[in-house]
Amino acid sequence: MQQSPSTSVESEPELPRLTAAALRALVCSSPLGAIVTTCADGRIVDANEIYARLLGSSRGDLVGRTASDLELWAEPAQGAAVRAALLAGEPLRDAEVVVRGGSGDIHYLQVNSGPIDVDGTPAMLTFVCDTVVRRRLESELRAGGDRLRLALDNAAMGVWEWNIATG
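Quick summary incoming for the structure in this document. (Residues numbered from 1 in each chain as written. Predicted model: local features only at pLDDT ≥ 70, side-chain atom pairs only at ≥ 80, totals over all residues. Heavy atoms only, no water.)

With that settled, consider the overall build of the chain. Counting secondary structure elements, the chain contains seven helices and six strands. Helices and strands in the chain line up, N terminus first, as α-β-α-β-β-α-α-α-α-β-β-β-α. On C-alpha atoms alone, the chain measures out to a radius of gyration of 23 Å, which is more than a quarter above the 15 Å that the 2.2 N^0.38 rule sets for 167 residues. Looking at the chain residue by residue over its 167 residues, the buried ones come to 29%. For the chain, the share of sequence-separated contacts (at least 6 apart) that also reach a separation of at least 24 residues comes to 40%. For the chain, the accessible surface area stands at approximately 11,100 Å², while carbon and sulfur atoms represent 57% of it. (Helix = DSSP H or I, 4+ residues; strand = E, 2+ residues; numbered from the N terminus. Rg over C-alpha atoms; globule rule 2.2 N^0.38 Å. Buried < 20%, exposed > 50% of the residue type's maximum accessible area, 1.4 Å probe, protein only. Contact = heavy atoms within 4.5 Å. Areas by Shrake-Rupley, 256 points an atom, 1.4 Å probe, with all protein chains shown as cover.)

Phi at Glu 71 takes a positive value of approximately 50 degrees, unusual for a residue other than glycine. With respect to the helices and strands, Glu 71 occurs in the loop between α5 (67–70) and α6 (76–87). Non-glycine residue Asp 94 carries a positive phi angle of around 55 degrees. For Asp 94, the location among the structural elements is in strand β4 (residues 92–100).

This part takes up the environment of Val 27. By the secondary structure assignment, Val 27 is in helix α2 (residues 20–29). Exposure remark for Val 27: the relative accessible area of 0% places this residue in the buried category. For the pair formed by Val 27 and Glu 49, sequence separation is 22 residues and the distance between their alpha carbons is 9.3 Å. When near neighbours in sequence (up to four residues on either side) are disregarded, Val 27 contacts Ala 34, Val 36, Asp 46, Ala 47, Asn 48 and Leu 125.

Below, the discussion takes up the nonpolar core. Residues Tyr 51, Leu 62 and Leu 109 are the most contacted members of the largest nonpolar core, which totals 20 residues. At the level of elements, β3 (44–47), α3 (49–54), α6, β4, β5 (106–118) and β6 (121–130) are the ones that each hand at least two residues to this core. For this core, the leading source of residues is β4, giving four residues. Those residues within four positions of Leu 109 in sequence are excluded, and the remaining contacts are Leu 54, Ala 95, Glu 96, Val 97, Val 99, Val 128, Cys 129, Asp 130 and Thr 131. Formed by eight residues, the second largest nonpolar core is a distinct cluster that contains Val 27, Val 118, Ala 123 and Leu 125. (Core = buried A, V, L, I, M, F, W, Y, C linked by side-chain atoms within 4.5 Å.)

Once that is clear, we can look at α6. Here α6 contains twelve residues, and its C-alpha end-to-end distance of 16 Å stays within 8% of the 16 Å for a straight helix at 1.5 Å per residue. Residues Gln 78, Gly 79, Val 82, Ala 85 and Leu 86 constitute the buried set of α6. Across the axial projection of α6, the buried residues extend over an arc of 130 degrees, all falling on one side. Exposed positions of α6 whose direction lies more than 90 degrees from the buried face are Pro 76 and Ala 77. As for α6, its buried residues are in contact with β4, β5 and β6. Note on α6: the residue one or two positions beyond its end, Gly 89, has a positive phi of about 90 degrees. (Expected span 1.5 Å × (residues − 1). Arc of directions from axis to C-beta.)

Now for the side chain of Thr 126. Positionally, Thr 126 belongs in strand β6. A distance of 2.7 Å separates the side chain of Thr 126 from the side chain of Ser 113, its partner in a polar contact. When neighbours within four sequence positions are excluded, Thr 126 is seen to be in contact with Gly 33, Ala 34, Ile 35, Val 111, Asn 112 and Ser 113. (Polar contact = N/O pair within 3.5 Å; in protein donor to acceptor, adjacent residues only side chain to side chain.)

Mapped onto the fold, Asn 48 is located in the loop between β3 and α3. For Asn 48, a relative accessible area of 3% puts it in the buried group. A polar side-chain atom of Asn 48 sits 3.0 Å from the main-chain carbonyl oxygen of Val 27.

Below you can see the structure in the form of structure tokens.
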């Protein structure tokens, strides 16, 4: 049996559709930094206060501007690569990016972003989390492990693990 062309051709998945009001409620209620940008020119159409605070800015200073206007990318090549990937339809999942805040300070962010449709306009919804605390803890953990290895090597001692339940 031959399939009709309409059932054999897969269509592109539809973008999640949101009204501007629903999107505003989502952005405002997010516990993470959240930002919405247009696909056409990357202009910020919404941002929550958490995102603005991460960058040492205010929501009013962000809305209507682009990452280029704000000189947001600490590494402009990274910004161009991220934008190209998103415009090609590749969602960003747990990507680490380096951005510059309003006062010039550097922030390391974990980013998740994907396309949405806002009242018929293609846009990107992005959630960000500052990773400075995680990076500091990872560094402290590495330093502690290095100190332990040094102490064990110099004391000519060993370490073993004993599982009490299994003997």
